[in-house]
Amino acid sequence: MSEPALNLEELKKLAPPAELRRAPVVEGNQGLGWLTDKLSAFAEGKTPLWWWIFFIPAAFAATVIFPTCLFYQVFTGVGVWGNNHPVMWGLDIVNFIWWVGVAHAGTLISALLFLTRQHWRTTIGRMAEAMTVFSVAMAGLYPAIHVGRAWFDWFMFPVPNSNGLWPQFRSPLMWDVFAVNTYLVVSSLFWFMGMIPDFAVLRDRSTTRIRKAIFSFLAMGWTGSARQWHHYEKAYVVLCGLCTLLVFTVSSIVGLDFCTAQIAGWHATIFPLYFVIGAVFCGFGMMLVLMIPLRKWCGLENIITKSHIDKVAKLTLVSGLIIDYIYLMEFFIAWYSGDPYERWVFGHRLFGHTYMIMGWILIGINVCVTQLLWFKKVRSNLLWLFIIGLLINVGMWSERFVIVVGSLYQDFLPANWGKYMPTIWDIGLYIGTLGAFFMLYLLFVKFLPMIAISEVKGVMPQADPHHPLGGAQKEAGHE
Amino acid sequence: MSEKIYGLMAEFDSPGALLQAAEKIRAAGYRRWDVFTPFPIHGMDKLMGFKNSLVGWVSLAGGAFMFLNVVGLIWFANAFDYPLIVGGKPMFSVPMTFVPAYIMLIMGGAIGALIGMLGLNQLPRLHHPLFAKKRFEGASRDKFIMVIGALDEKFCATETRKLLETVGGTHIDIVEDKD
């Protein structure tokens, strides 16, 4: 404290050269009040036209197509889908893994990047968490109805029942029940807890009685006192740590569902890691798809800066490269094992007449298109990134299709050979879940604080009591 | 139905100003005071002498409770109540319980962290004397508010107000406690 404060000119001399300096988290160098206005503007302002243009079709898919396909399947049976011997796991499981995958990047961004003190994650963390919560909800639905008799779902939970039966806890499918439910609960808690201070912001800003009542209820009496922040920060770190564990657990367990089976193409120890990285890769793709239009339409270019998008793109590239390595290893091990069934399955992934198109989509997107992200030009072009994000989602979807269907349709005996073609109900249900996801996401964007207001403010130089902008100059005692 | 004084609130414009003021308030011997800020201010918890938050322990307790319960449940379900032979393995072994128990540990830990945070902060609460103050709304925006409680031994409506003025507080106001 006794050190004389530096003036701005001296500070500039001490600062590292421009190319080594970190990009500011928020551009524009405005005050905290401006930032608060900016971040809560979308939730408080008039609903723009684009919101309705996306909301209405999404809501139609979510409230008409989704329940129609769901109820028809539940009332009729799994037979309405294309699943049949030998392909008993079809689009339902493909979509399940896909949705779980989308969820993972959200947790990775918000939890793991918090633990590694990446300040830029504050601006996109909340959006990523929302993506997690909604996509886990979609994912959880699939296994629940794939069991065929959805009204017996409670058999999967260890509930005392009159049959005296218990679940069999050695099965990875059983672990899945725990994993997906835990993921849903924990990511919702994490999401909600992160929003408490921001609910307080919206409460204090609200102009109508009804808004005030709703946000007062949600903020639960948050005052932002030092004591509250003290406990809150601790709880946040703990939750981040637990969520990070979940990133690596949930998809690992989904991977175990496969690798404990003896099917050629599934029976590989690499699967847990494979699924985790695939999930993260797919989720980053989804993050690009959501983030790029929203920053423009919600006027958040200063907050979600190009530098942040560049970082997400780099993370996408890293996870994509790991995925490519795993593909290489899969094919190598299939060849190296000398197992004719393994070789058969992997040969047919790329050269089998039935599903080779899916195999080449996988290679074309996940291996080739991803390499575009090496170039700074691509990473700074938002349109390109948006398209790459969409393509990654398609590529990862086809990867799951290749794994699930591609391994099942031709196994050890020619008697077990068959084909799988999704029916309109398979596709309708997928469209329905997509609609439900986007509907929930649009509602979240419109009504809840879509950017962590207090977190972003907390990483601003104005928030640092030892920074000249945070009021440290006054302590100099020069006057 | 008496109108008591809850405390005196003062407003500051920057976290730096608040931190310096807080140092002086502490040096003046006040103990029952708190600051209300839009985000946590680094150095404030040290200055206010907070010990490590108990939230971590609550979370650990929640996690351990769930972990042990699930281990017990699996033993009860698959080895005791309805013994089940799977793959010729023992009815019960510790490794077989690990994955579900570990996942429920995460669940218990997360619920523990949230409940611990809310419990230690005495939330949810419906009202707080400060909510009656219009200027308090700035505390979630860009203002930094300090409140010295009337229960403090050194509290004196005039002296404390003077002190808050000298440390740079503005908009000093009495907060009423309507009971």
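Keep in mind it's a predicted model, so treat the numbers as computed, not measured.

## A short note on the overall build of chain A
Looking only at helices and strands, chain A has 16 helices and 0 strands in total. A compact globule built from 479 residues should have a C-alpha radius of gyration of about 23 Å, and chain A, at 25 Å, falls within 12% of that. Considering only C-alpha atoms, chain A reaches an extent of 90 × 50 × 45 Å along its principal axes. The proportion of buried residues among the 479 residues of chain A is 50%.

## A closer look at the overall build of chain B
Along its length, chain B carries 5 helices and 4 strands. Against the globule reference of 16 Å for 179 residues, chain B gives a C-alpha radius of gyration of 25 Å, more extended than a compact globule. Overall, chain B is about 80 × 40 × 30 Å in size when its C-alpha atoms are taken along their principal axes. Burial status across chain B gives 44% buried among its 179 residues. For chain B, the proportion of contacts with a sequence separation of at least 24, taken over those separated by at least 6, is 83%.

## Details of the nonpolar core
Counting residues in hydrophobic clusters, the biggest one holds 194 residues, and the most contacted among them are A:Leu239, A:Met287 and B:Met146. When residues in this core are grouped by element, the largest group, 18 residues, is from helix H9 (residues 271-297) of chain A. Both domains that meet at this core, namely domain 1 (3-51 + 123-178) and domain 2 (55-120) of chain B, each give it at least three residues. Once residues within four sequence positions are removed from consideration, A:Met287 is found in contact with A:Ala105, A:Ile109, A:Ala128, A:Met131 and A:Val312.

## Let's talk about unusual backbone geometry
Between A:His85 and A:Pro86 the backbone carries a cis peptide bond, its omega angle lying at 5 degrees. Structurally, A:Pro86 can be placed in the loop between helix H3 (49-76) and helix H4 (91-115). The residue after B:Leu123, namely B:Pro124, is reached through a cis peptide bond having omega -10 degrees. Mapped onto the elements, B:Pro124 comes out in the loop between helix H4 (94-120) and strand S3 (144-149).

## Re the interface of chain B and chain A
Facing the 61 residues of chain B at the interface are 55 residues of chain A. Looking at the side of chain B that touches chain A, the elements with two or more residues in it are helix H1 (15-27), strand S2 (33-36), helix H2 (44-47), helix H3 (55-81) and H4 of chain B. Class assignment for the residues of the side of chain B that touches chain A results in 37 nonpolar, 16 polar and 8 charged.

## Regarding the pairing of S2(B)
Residues and elements named next belong to chain B. In S2, alternate side chains face the same way, and those of Trp33 and Val35 on one face and Asp34 and Phe36 on the other are all buried. Strand direction decides the pairing type here: S2 and S3, joined by 4 bridges, are antiparallel. In the strand pairing of S3, Trp33 is matched with Ile148.

## Comments concerning helix H5 (residues 121-146) of chain A
Residues and elements named next belong to chain A. Its 26 residues place the ends of H5 36 Å apart at the C-alpha level, agreeing with the 38 Å of an ideal helix rising 1.5 Å per residue. Most of H5 sits inside the fold, with 21 of its 26 residues counted as buried. Gly148, located one to two residues past H5, shows a positive phi value of around 95 degrees.

## Structural notes on the domain arrangement of chain B
Think of interface size as the accessible area that goes away when the parts come together; that is how it is often given. In terms of domains, chain B is made up of domain 1 (3-51 + 123-178) and domain 2 (55-120). Centre-to-centre, using C-alpha coordinates, domain 1 of chain B lies 44 Å away from domain 2 of chain B.

## Quick word on the packing of H9(A) against helix H10 (residues 306-337) of chain A
Residues and elements named next belong to chain A. In the contact formed by H9 and H10, the axes pass within 9 Å of each other and the chain directions differ by 150 degrees. Compared by their axis directions, H9 and H10 come out roughly antiparallel. Every pair of crossing elements has a handedness; the one defined by H9 and H10 is left-handed. Residues Tyr274, Ile277, Gly278, Val280, Phe281, Phe284, Gly285, Met287, Leu288, Met291 and Ile292 of H9 form the contact with H10, whose participating residues are Ile309, Val312, Leu315, Thr316, Ser319, Gly320, Ile322, Ile323 and Ile326. Tallied by class, residues from the contact of H9 with H10 come to 15 nonpolar, 5 polar and no charged.

## Describing the environment of B:Phe92
Locating B:Phe92 in the fold gives a position in the loop between H3 and H4. For B:Phe92, a count of 17 C-beta atoms within 10 Å gives the class partly exposed.

## Digging into the packing of H5(A) against helix H6 (residues 172-205) of chain A
Residues and elements named next belong to chain A. At a closest axis distance of 9 Å, the pairing of H5 and H6 adopts a crossing angle of 155 degrees. Looking at the two axes, H5 sits roughly antiparallel to H6. The crossing of H5 and H6 is left-handed. Counted together, Arg126, Glu129, Ala130, Thr132, Val133, Val136, Ala137, Ala139, Gly140 and Pro143 of H5 and Asp176, Val180, Tyr183, Leu184, Ser187, Ser188, Phe190, Trp191 and Gly194 of H6 form the full contact between these two elements.

Thresholds applied
- Position labels on residues start from 1 in each chain and follow its written sequence.
- The order in which chains are written sets their letters, starting at A; the order in which ligands are written sets their numbers, starting at 1.
- Given that the model is predicted, a residue must reach a pLDDT of at least 70 before its local features are reported, and side-chain atom pairs must reach 80 or more before they are shown or counted; all residues, however, enter totals for whole chains, interfaces and linings.
- Secondary structure elements are taken from DSSP: a helix is a run of H or I of four residues or more, a strand is a run of E of two residues or more, and numbering for both begins at the N terminus.
- Atoms counted for the radius of gyration: C-alpha only. Globule rule: 2.2 Å times the number of residues to the power 0.38.
- Think of it as a crowd count around each C-beta: if 20 or more other C-beta atoms lie within 10 Å the residue is buried, if 12 or fewer it is exposed, and in between it is partly exposed, with C-beta placed from the backbone throughout.
- Whether two residues are in contact is decided by their C-beta atoms, placed from the backbone, lying within 7 Å.
- The nonpolar core criterion groups buried Ala, Val, Leu, Ile, Met, Phe, Trp, Tyr and Cys residues into a set whenever they are joined through C-beta atoms within 7 Å.
- In this entry, domain limits derive from an automatic or database-based domain assignment.
- All amino acids are sorted into three groups, where Ala, Val, Leu, Ile, Met, Phe, Trp, Tyr, Cys and Pro are nonpolar, Asp, Glu, Lys and Arg are charged, and the leftover types, Gly among them, are polar.
- Strand pairing is assigned whenever DSSP detects at least two bridges linking the two strands.
- A helix is expected to span 1.5 Å multiplied by its residue count minus one.
- For every element, the axis is a line fit to its C-alpha atoms; helices are fit only across the contacting stretch, and the angle between N-to-C directions ranges from 0 to 180 degrees.
- Here is the rule for angles: anything less than 35 degrees is roughly parallel, anything more than 145 is roughly antiparallel, 65 through 115 is roughly perpendicular, and the remaining ranges are oblique.
- The handedness criterion is simple: a crossing whose near helix is rotated anticlockwise from the far helix by less than a right angle is left-handed, and one whose near helix is rotated clockwise is right-handed.

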